[in-house]
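Report on the structure
Here is what each chain is made of, one letter per residue.
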Amino acid sequence: MDTQKWSLAFISLAILFITSSSAELLIKQATEGRGIEYNSLTSNLGLTRVWRDEPPADKILSITSFSIIRNILAPYVSSVFDAAGYKWRLVLYTNGKQDDGGKDHVSLYARIVETESLPIGWEVNVDLKLFVYNGKLNKYLIVTDGLVKRYNNATKELGFGQLIPQSTYYDGNDGFREQDTGTFGAEISIVNRANLKEKVTFISNPPNNVFTWKILHFSTLEDKIYKSDEFLVGDRYWKLGFNPKGGLVPIYLYAQGFKANAVETTTYGAANLRLKNQRNTNHITSFTEYWYLVLSGYGLGVNTIPLADVKDASKGYLVNDAIIIEAEMLTVSVTNLVSV
């Protein structure tokens, strides 16, 4: 039994060593001339480290003669600063926050303060980014874990116990302490939960999905695009169009405006566009589908049959100098805003 306990303890220590070493190695690679090639560095602890030229927007903390406080366990607590509509302080553990896995690391936290005026049961959700300046590269190393930090009356201080390994930070060749000066920072952004969700639904065979357009006096039509009246399918109005003088007679489907109170977004439309045979069921049908722009009047066309075949009375498409074009809307998208 004792042997098993010693084995488990050894494995745990080994994992801790590998995790810490991996994070240190990644940061060292980023500061020894190769790191500029890597935009993002992720450790085994789930922390992501990304280089940036611009300084942090909310707070910059610079401490000279940094080596004096290297071995002090108590934290340095910064002055109050404003960010995201709240008051904060940075809390820096130069020797690591031991009870948060900060052994052999520099630890940094953001503490929300002056919360007495907040309502009972308050909660502040933020995207927290903490910064370490590297003077050698003249860049800031952003450290984050991608998680929403939830501050409340029971949890007022959050951050990263393993912000950066001490062996990396205190190595004079790495550039994090230029002339024994350490510089840190923070950006704090409120994460507000969305109240509405945009939901896109596809409706197959929607109501009133067949529109038939009979064009009279075909022989007198000019070489231009003619358009039908509007018809409503889903949340959007549509039109048909055609050119009677094309080599292959084209049929167009145009997306028009939206019905009242509809959510105006790109609209999916799938349709059968059909030149009807008026003597039998030998219709010419072409399938089309597209994401139609919000802009009204955008259309997509398909070719049918040669104009000579349309004019040939024996074919059955032109009867009494009239042709019939039809749109069968197979599927359309409808967008709604719904409560989350």
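As recorded in an unreviewed UniProt entry, the protein chain goes by MATH domain-containing protein and comes from Arabidopsis arenosa.

Before going further, it helps to spend a moment on the nonpolar core. Nonpolar side chains in soluble globular proteins generally cluster together in the buried interior. Membership of the largest hydrophobic core comes to 33 residues, with the highest contact counts inside it found for Trp88, Tyr151, Leu163, Tyr169 and Phe184. Those elements that provide at least two residues to this core are β3 (59-63), β5 (81-83), β6 (86-93), β7 (105-113), β8 (123-134), β9 (139-144), β11 (157-165) and β12 (182-190). At 5 residues, the largest contribution of residues to this core is made by β8. Leave out the neighbours within four places in its chain, and Phe184 touches Lys59, Ile60, Leu61, Phe66, Leu92, Val106, Leu108, Phe131, Val132, Leu163 and Tyr169. The next biggest cluster of nonpolar side chains, apart from the first, holds 31 residues, and it includes Trp213, Ala271, Val302 and Val332.

Along the chain, His105 turns up in strand β7. We classify His105 as buried; its relative accessible area is 1%. Of the polar contacts made by the side chain of His105, one reaches the backbone oxygen of Lys103; its length is 2.9 Å.

With that out of the way, let us pick up the pairing of β8. One ladder, built from 4 bridges, connects β8 with strand β10 (residues 149-152); its direction is antiparallel. Residue pairing for β10: Glu123 is matched across the bridge by Asn152. Bridge count for β8 against β9 is 5 bridges, and the pairing is antiparallel. Following the sheet pairing, Leu130 is matched in β9 by Val143. Counted along the chain from β8 to the antiparallel partner β9, the turn is 4 residues long, and its residue Asn138 has a positive phi close to 55°.

Turning our attention to unusual backbone geometry. In the Ramachandran plot, Ala84 falls in the positive-phi region, its phi being about 55° despite a non-glycine side chain. Relative to the helices and strands, Ala84 resides in the loop between β5 and β6. Overall, Ala84 belongs to the partly exposed group, its relative accessible area being 32%. The backbone of Asp321 shows a phi angle near 60°, a positive value even though the residue is not glycine. By relative accessible area, which is 23% here, Asp321 ends up partly exposed.

So, about the packing of aromatic side chains. Taken as a whole and assessed by the stated rule, the structure comprises 22 aromatic pairs. Geometrically, the ring pair formed by Trp88 and Tyr151 is edge-to-face, given 5.0 Å between the ring centres and 80° between the ring planes. Here Trp88, found in strand β6, pairs with Tyr151, found in strand β10; they are 63 residues apart in sequence, far enough to count as distant. Exposure class is identical for Trp88 and Tyr151. Each is buried.

Reading the values: the criteria
Residues numbered from 1 in each chain as written. Predicted model: local features only at pLDDT ≥ 70, side-chain atom pairs only at ≥ 80, totals over all residues. Heavy atoms only, no water. Core = buried A, V, L, I, M, F, W, Y, C linked by side-chain atoms within 4.5 Å. Buried < 20%, exposed > 50% of the residue type's maximum accessible area, 1.4 Å probe, protein only. Helix = DSSP H or I, 4+ residues; strand = E, 2+ residues; numbered from the N terminus. Contact = heavy atoms within 4.5 Å. Polar contact = N/O pair within 3.5 Å; in protein donor to acceptor, adjacent residues only side chain to side chain. Pairing = 2+ DSSP bridges. Phe/Tyr/Trp six-rings, centres within 6.5 Å; stacked < 30°, edge-to-face > 60°.

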